[in-house]
Amino acid sequence: MEHAEPDPLGARPRRLLLTGAGGQLGTALRAAFAGDEVVALAHADWDVALPPPAGLPEVDLVLHTAGWTQVDAAEDDPQTAAAVNVGGTRHAAELGVPLVHFSTDYVFDGTKRSPYVESDGPNPLSAYGRTKLASEAVAGEDAWVVRTSWLFGATGSNFLRTILRLAAERDDLAVVADQRGCPTYVGHLAVAVRELVGLPQGVWHLAADGDCTWADFAEAIVAEAGLRCRIRRITTAELGRPAPRPAYSVLRSERPDAPTLPHWRDGLRACLALL
Ligand SMILES: NC(=O)c1ccc[n+]([C@@H]2O[C@H](COP(=O)([O-])OP(=O)(O)OC[C@H]3O[C@@H](n4cnc5c(N)ncnc54)[C@H](OP(=O)(O)O)[C@@H]3O)[C@@H](O)[C@H]2O)c1
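Residues numbered from 1 in each chain as written. Predicted model: local features only at pLDDT ≥ 70, side-chain atom pairs only at ≥ 80, totals over all residues. Heavy atoms only, no water.

(A) Region of the structure containing the layout of surface pockets. In this structure, the second largest pocket occupies an estimated 150 Å³ of space. The wall of the second largest pocket is formed by 13 residues, among which Ala207, Arg252, Ser253, Pro259 and Thr260 lie closest to the centre. Residues belonging to the lining of the second largest pocket are distributed by class as follows: 7 nonpolar, 3 polar and 3 charged. (1 Å grid on protein atoms, 1.4 Å probe; cavity = no way out; pocket = protein on both sides within 12 Å on 5 of 7 lines; lining within 4 Å. Points joined across faces, edges and corners; volume = space filled by probe spheres on them. Nonpolar A, V, L, I, M, F, W, Y, C, P; charged D, E, K, R; others polar.)

Quick look at the structure:
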């Protein structure tokens, strides 16, 4: 009897372990990989700052979305943020199977005025950005390190959902107009990740097409949702958040075969259609 060779890891791995399954990206990945067997672990199932719990099933691939994502709070407690973001990624890599790890545009300092590509040198401004840069280094050789940005989706806590809530209550909202990036819909990113796992490992920039400021994004949210709130443009300094953020963090890939994502406006419409 002939035995078929196991399929090389392609676009449809057979069994996946997903960390951070309760988060916005975890939720989208679960939907995008619904045709596969997904072992979905939320925070309560595995605190990734600790070694993996005993008895995890064998898997072909780990999608590691669990992370400390509170950018401002990381300034006050960088040790705990690092335990989750760096320690957690090390623990995910120690599972010993190919890993998709998610990093951020906040590894860059924002001094460029043309899109950041994979070969650009990182220089994080914030404690969060430093933990994410360190997490890239511990993801290991067998990892796709996905740098993405400004995530939003129909679940969880994100800019789009905050603007929808506040714009329904107020006549005007102050939003920063001096940070430029790529608001990326988690549903579009999750589909791109399916394509990515058929490509070589390494660092990949995956973010929505187009770019804008937070104020532009807020105006688009309000307009698409048919709300009447006025967006008042302010500076980062006026907002006075604890963590510094890059003024410019548009991400593009310099790899010719990189998966491309739809424009952020298409992501916005796709997301609003779900709400
Ligand atoms: N959000 C963005 O704009 C953005 C941009 C670029 C990159 N990323 C990266 O993309 C990944 C996913 O982000 P997201 O937007 O989906 O964030 P999210 O919605 O905050 O989800 C993160 C998940 O991680 C869980 N988590 C936190 N600490 C944990 C721990 N110690 N052990 C296990 N799980 C833990 C959270 O659970 P609890 O809520 O129950 O604590 C949450 O479900 C993160 O690695 C993030 O750094 C995010």
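After presenting the structure, the write-up continues.
(B) Summary view of the pairing of strand E1 (residues 15-19). For E1, the buried fraction is high: 4 of the 5 residues fall into the buried class. Of the strand pairs in this sheet, E1 and strand E2 (residues 37-41) are connected by 5 bridges, and their pairing is parallel. Within the sheet, the bridge partner assigned to Leu17 lies in E2 and is Val39. Crossover E1 to E2 through helix H1 (residues 24-32) is right-handed. Here E1 pairs with strand E3 (residues 61-64) via 4 bridges, running parallel. By the bridge assignment, Thr19 is partnered in E3 with His64. (Buried < 20%, exposed > 50% of the residue type's maximum accessible area, 1.4 Å probe, protein only. Helix = DSSP H or I, 4+ residues; strand = E, 2+ residues; numbered from the N terminus. Pairing = 2+ DSSP bridges. Right-handed = clockwise from strand over helix to strand, strands pointing away.)

(C) Looking closely at the site of the ligand. In the neighbourhood of the ligand, 22 residues make up the surrounding shell, with His43, Asp47, Thr69, Tyr128 and Lys132 lying closest. At a separation of 2.8 Å, an oxygen atom of the ligand approaches a polar side-chain atom of His43. Contact between the ligand and Val48: a nitrogen atom at 2.9 Å from a main-chain N or O atom of the residue. Protein contacts shield 78% of the accessible area of the ligand, which totals 890 Å² for the unbound molecule. Within the residue set of the shell around the ligand, elements represented by two or more residues are H1, strand E4 (99-104) and helix H4 (127-138). With 3 residues, the top contributor of residues to the shell around the ligand is E4. The residue makeup of the shell around the ligand, split by class, is 9 nonpolar, 11 polar and 2 charged. (Near = heavy atom within 4 Å. Polar contact = N/O pair within 3.5 Å; in protein donor to acceptor, adjacent residues only side chain to side chain. Areas by Shrake-Rupley, 256 points an atom, 1.4 Å probe, with all protein chains shown as cover.)

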